[in-house]
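Structural features, examined
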Amino acid sequence: MRTMAAAVAVSGLLLVAGCAPTRAERTAAPAGPAAVPEPEPVDVRCGPDGVTVSGTTVRAGRAGVPVRVGGTAPAGTYLNIGWTHGGEGNPVPASPTVWTLAVPPGQLRLSCSNVEKREAVVTVVDPSSFWRPGTTADHSCPPGGIPSWKVGPGRGTSANAALADLTRQLSEYQGQPTSWRKLPVGYLDAPVSTWLLAVQGEPRITALVRRTGSEFKADPDALCGPLLR
């Protein structure tokens, strides 16, 4: 759970305490180069006695870390996923579904809610170095407020079109030179990518872009620290 860092007056948003958006996308990773076949997902099951896994190691692919989630746990059970400096929880699907997780190499801690407390540890390996370490702070956008936005998502037939639509909704930036760029962090072929908005060259906010069918959606994500000065 993220919490509000500070309050700012910006016409396009309202700062409140909120939960971080999930990074688990319920889709298989796209096909990679023939020289580096996509990894097999590790099976993760939530049952009445807790979590079980099919292996203790999973290899990262170009889009992230594949896990096939299912089980016989009661409806409403969540799979809790933890890693160094991060974590999330997502509802267990009714039928086995492959999630592609944007988690770094290292230990992945898995447990199921609403059932006996037990944790499994799976090690994420990345021999092809698909993971790009770093945060938005490494790109002149230190963490600022975590907002609940009154605008968005932006929509379009491409990432740039969706971001342009989002920018039009941010009335405080109208008439100013704005630009977006994709940040080289995490898995560059992940279903969700992070973009940074600069206004007159000054980093302002980040947005998460995801593709749904033929449409791209751009959701405003977080404020950059300079807005709080």
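A brief look at the structure comes next. (Residues numbered from 1 in each chain as written. Predicted model: local features only at pLDDT ≥ 70, side-chain atom pairs only at ≥ 80, totals over all residues. Heavy atoms only, no water.)

Below, the discussion takes up the pattern of salt bridges. Any two side chains of opposite charge can pair, so long as their charged atoms come close to each other. Considering all chains together, one arrives at six salt bridges under this definition. A salt bridge links aspartate 43 to arginine 68; the shortest N-O distance between them is 2.8 Å. In this pair, aspartate 43 is assigned in strand E2 (residues 42–47) and arginine 68 in strand E5 (residues 65–71), connecting sequence segments 25 residues apart. For aspartate 165, the salt bridge is made with arginine 168, and the minimal N-O distance between the two is 3.6 Å. Here arginine 168 and aspartate 165 lie together in helix H1 (residues 159–169), a separation of three residues that amounts to about one turn. (Salt bridge = Lys/Arg side-chain N within 4 Å of Asp/Glu carboxyl O. Helix = DSSP H or I, 4+ residues; strand = E, 2+ residues; numbered from the N terminus.)

By the bridge criterion, three bridges tie strand E13 (residues 154–156) to strand E18 (residues 215–223) in an arrangement that is antiparallel. Following the sheet pairing, arginine 155 is matched in E18 by lysine 217. Across seven bridges, strand E17 (residues 202–212) lies against E18 in antiparallel orientation. Residue pairing across strands places threonine 212 opposite glutamate 215, the latter belonging to E18. Hairpin connection from E17 to E18: two residues lie between these consecutive antiparallel strands, with glycine 213 at a positive phi of about 65°. (Pairing = 2+ DSSP bridges.)

Our next topic: the packing of aromatic side chains. Applying the stated criterion across every chain yields a total of one aromatic pair. For the ring pair tryptophan 131 and tyrosine 187, a centre distance of 5.1 Å and an interplane angle of 65° mean the geometry is edge-to-face. One end of the pair, tryptophan 131, is in strand E11 (residues 131–132); the other, tyrosine 187, is in strand E15 (residues 186–187), with 56 residues separating them in the sequence. Overall, tyrosine 187 belongs to the buried group, its relative accessible area being 4%. (Phe/Tyr/Trp six-rings, centres within 6.5 Å; stacked < 30°, edge-to-face > 60°. Buried < 20%, exposed > 50% of the residue type's maximum accessible area, 1.4 Å probe, protein only.)

So, about the state of the cysteines. Evaluated as defined, the whole model comprises two disulfides. Across the disulfide from cysteine 141 sits cysteine 224; the S-S distance is 2.0 Å. The sign of the -95° torsion about the S-S bond sets the cysteine 141-cysteine 224 disulfide as left-handed. Of the two residues, cysteine 141 sits in the loop between E11 and strand E12 (147–149) while cysteine 224 sits in the segment after E18, which places them 83 residues apart along the sequence. Take the cysteines of the chain that form disulfides and number them in order along the sequence; they join up as 1-2, 3-4. (Disulfide = S-S within 2.5 Å.)

All right, on to the side chain of serine 193 then. Relative to the helices and strands, serine 193 resides in strand E16 (residues 192–199). Here the side chain of serine 193 touches tryptophan 195 through a polar contact of 2.9 Å, side chain to side chain. Apart from residues lying up to four places away in sequence, serine 193 is in contact with Lys182, Ala207, Leu208 and Val209. (Polar contact = N/O pair within 3.5 Å; in protein donor to acceptor, adjacent residues only side chain to side chain. Contact = heavy atoms within 4.5 Å.)

Geometric descriptors of this kind do not, in isolation, establish any biological role.
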